[in-house]
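Fold and geometry: a report
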Amino acid sequence: MKMVKPGVYFWQGNEACAEGAITAGCRFFAGYPITPASEIAEHMAKRLPQIGGIAIQMEDEMASIGAVIGASWAGAKAMTATSGPGFSLMQESIGYAFMTETPCVVVDVQRLGPSTGQATKCGQGDVMQSRWGTHGDHAAIVLAPNSVQEMFDLTIKAFNLAEKYRTPVIILADATIAHMREKITVPSLEEIEIINRKKPEADEKAFFGFEEVPPMPAVGEGFNVPVTGSTHNEYGIRFTADPMVHRKLVERLNSKIENHVEEIAEVETYNFDDCKIGIVSFGCTSRAVPEAVEEAEKRGVKAGYIRLKTIWPFPEKKVEIMAEKAETIIVPEINLKQLFYEVERASKGLAKVVPLNKIGGGELITPEELLNKILEAAN
Amino acid sequence: MVEEIFSIRKYLRNLKLPFCPGCGIFTVMNSFLRAVHNLGFENLKSFVFCSGIGCSSWISSPYFIADSIHTIHGRSIPVATGVKLVRPDLNVVVFGGDGDIVGIGLSHFIHAARRNLDILVIMINNMVYGMTGGQVAPTTPFGVKTTTTPYGAFEHPIDAPKLAVTAGACYSARWTTAHPKELRESIEKTLRMKGFRFIEVVSQCPTTIGRRMGFKNAGEMVKWFKEKAVPVEQVEKMAEKELEGKIIVGEFVEREKPTLTENIQSRMGRLRIEG
């Protein structure tokens, strides 16, 4: 068995994520066991050696992301997978990957925190950790699958964005999506777009600037590349005090993502620009939305939705368009209002933004609960 | 034929070095590059250097004309793990301080030795957190006053070379900056060896701990190292009481074992990642 054959499969979300990574070209995985993400490590451990890759279980999450960064600089596409607690431990290195422009993919299969919380239960409490978990000014790319199919598709997209923008990309999954089994279609390789990092020409020396996304050599290729998480100039030389060098570097690192929100931020919409009641959701919670909207329409309420496949950068223009027509925007999430404030900010006071939150025991927001909220808002 | 004169400059970028006058890092840098030169490496293209945070981590980054990955504090060995697994053909060398390697990064040090990861780790032990101004380290001698132990250190220092032996290293040694010849020979030997190799270099930080310990200059500290050094071969004949406050120098282990790369290769039948 080498690459997975195109066709229809019945897979678990975590399995689909691992196969998506392999399809995208991932050949290095380092991880540490944690519920509900362990199946990704198990699948990678079995599959990667079959196709010339390496999977290793490290001593902790800090080592895992460290090895991933080393592997990426050695030229491999690399990934790690974890959940909230391990994701917290990785944050310092995620900032390092951002600062050093190291492409890599980090999967956070969210569980119910804070702390150990209800470790086996579903949660969506890492929305802000995925955006602001590491210190300093940084941009984040965070994708949120809501099906087993998207665990496959968005993992490929995550690698493509990581390679294209030379930045860490986070997949913000959740225990529900990761553990459920669904039908999934694996397309043929010709149908899948795969992006690889831009390599430098033989005489190039500037791997950290001048271009929006500079070319990236691998170590051992003779480029003598100095990689550092300290502020550095276009050639990678450390400047720990010069204000201009810092400004230039960090502003470019942020703008190379912020200038491409339209391309990066993917949403699924339904009547989003012409509804009375709008819903903005992501991940497992978004699976209840189409049914609730359909039922609302049967009752004469014009409802619509934006489903975020990309949470960060936040597709604020889409939300603003929704807010121009909608009276109320409902934000259902399995946390205590994390996406809510972002939607409120993006709607610029044009619509009333209402939270719908539920935490504990892995219970999801049901279509009935959402329908009731829609009807309540409509009357 | 004129014998080639060794010049450290051919391996260094034309940048001003940031280390304080009298710092032991100069000795380590010199010993390492002399060893590289003696082994016939005209440049550092077959090397990758990984380092963390601390003065010692600046040895390779960005001063060596080489690929160098200057990581976050304590995680140089994990990053080296990723590099070595993907590119087993490269010489991966880690430079780090005692705080980096056996403080915040201790777990990685032990696990890399356990795995027999094929890298050389050179730990410059100045017995203190020097870059941050002289706080107590896991290597600070008992009783020594630092900025965070103003009444004297109340913990005992870690014995990193012994730990490396127990964890499974193929080579483990300790020298001081008063032993530049032995250090260079040790580096030359380990650069020809396989497996997890560890060299601790007890080094002076005249700026922080040196002043607090009452040394007037770097030279006094180096002299002190020379006086305190006991060859490992003599240790067996000495009583525990006699060894108090001494610095045991020499080679603690030298052995051959299959490396992590070899073990992976024998299990998975691969050497280098495709594409």
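Residues numbered from 1 in each chain as written. Chains lettered and ligands numbered in written order. Predicted model: local features only at pLDDT ≥ 70, side-chain atom pairs only at ≥ 80, totals over all residues. Heavy atoms only, no water.

1. Concerning the overall build of chain B
Under the convention used in this document: Here a strand is any run of E in DSSP of at least two residues, a helix any run of H or I of at least four, and the numbering for each starts at the N terminus. Two things to know: the radius of gyration comes from C-alpha atoms, and the globule rule equals 2.2 Å times the number of residues to the power 0.38. Relative accessibility under 20% of the residue-type maximum defines a buried residue, over 50% an exposed one, and the middle range a partly exposed one, all with a 1.4 Å probe and only protein chains included. Residue contacts are defined here by distance: any two heavy atoms, one from each residue, within 4.5 Å place the two residues in contact. Shrake-Rupley sampling with a 1.4 Å probe provides the accessible areas, and residues are treated as covered by the protein chains on show and by no other component. As used throughout, the charge tally considers Lys and Arg to be positive and Asp and Glu to be negative, leaving His and the chain termini uncounted. To locate a charge, take NZ of a lysine, CZ of an arginine, CG of an aspartate or CD of a glutamate.
Broken down by element type, chain B carries 11 helices and 10 strands. Since a compact globule built from 275 residues should have a radius of gyration of about 19 Å, the 18 Å found for chain B is in line with a globular shape. Viewed in the frame of its principal axes, chain B has a C-alpha envelope of about 55 × 45 × 40 Å. When burial is assessed residue by residue, chain B has 57% of its 275 residues classed as buried. Long-range contacts, defined as pairs at least 24 residues apart, comprise 67% of the intrachain contacts of chain B with a sequence gap of at least 6. Just so you have it, chain B exposes about 12100 Å², and 54% of that area is on carbon and sulfur atoms. In chain B, the 34 positive side-chain charges and the 26 negative ones have mean positions that sit 4 Å from each other.

2. Some details on the domain arrangement of chain A
Residues and elements named next belong to chain A. This is how it is decided: The source of the domain bounds is an automatic or database domain assignment. When two parts are brought into contact, each loses some accessible area as probed by a 1.4 Å sphere; the total of that loss over both is the buried area. A carboxyl oxygen of Asp or Glu within 4 Å of a side-chain nitrogen of Lys or Arg is what we treat as a salt bridge. We define a polar contact as two N or O atoms separated by no more than 3.5 Å, with the added condition that, inside protein, one atom must be a possible hydrogen donor and the other a possible acceptor, whereas residues neighbouring each other in sequence contribute only through side-chain atom pairs. Note that Gly is not counted as nonpolar here; it falls among the polar residues with everything else outside the nonpolar set of Ala, Val, Leu, Ile, Met, Phe, Trp, Tyr, Cys and Pro and the charged set of Asp, Glu, Lys and Arg.
Segmentation of chain A into domains returns domain 1 (7–191) and domain 2 (267–378). The interface is formed by 30 residues belonging to domain 1 together with 22 residues belonging to domain 2. The junction of domain 1 with domain 2 conceals about 2000 Å² of combined surface from both sides, 55% of it contributed by carbon and sulfur atoms. It is Q124, V127 and N146 in domain 1 that bury the most area against domain 2; as a group they hold 30% of the surface buried on that side. Across the domain 1-domain 2 interface, the total number found is three salt bridges. The partner of R307 in a salt bridge is E150, and the shortest N-O contact between them spans 2.7 Å. Run the count over domain 1 and domain 2 and you get 18 residue pairs in polar contact (both at pLDDT 80 or more). Taken together, the elements giving at least two residues each to the side of domain 1 that touches domain 2 come down to β5 (104–112), β6 (118–122), α5 (127–132), β7 (141–143), α6 (148–165), β8 (168–174) and α7 (175–179). No other element matches α5, which puts four residues into the side of domain 1 that touches domain 2. Residue classes in the side of domain 1 that touches domain 2 are distributed as 14 nonpolar, nine polar and seven charged.

3. Focus on the pattern of salt bridges
Residues and elements named next belong to chain A. All told, the structure shown has 38 salt bridges over all chains when counted by the stated rule. Between R252 and E101 there is a salt bridge, with its nearest N and O atoms 2.7 Å apart. Residue R252 is found in helix α8 (residues 243–258), and its partner E101 is found in the loop between α4 (84–100) and β5; the two are separated by 151 residues along the sequence. An identical accessibility class is assigned to R252 and E101; each is buried.

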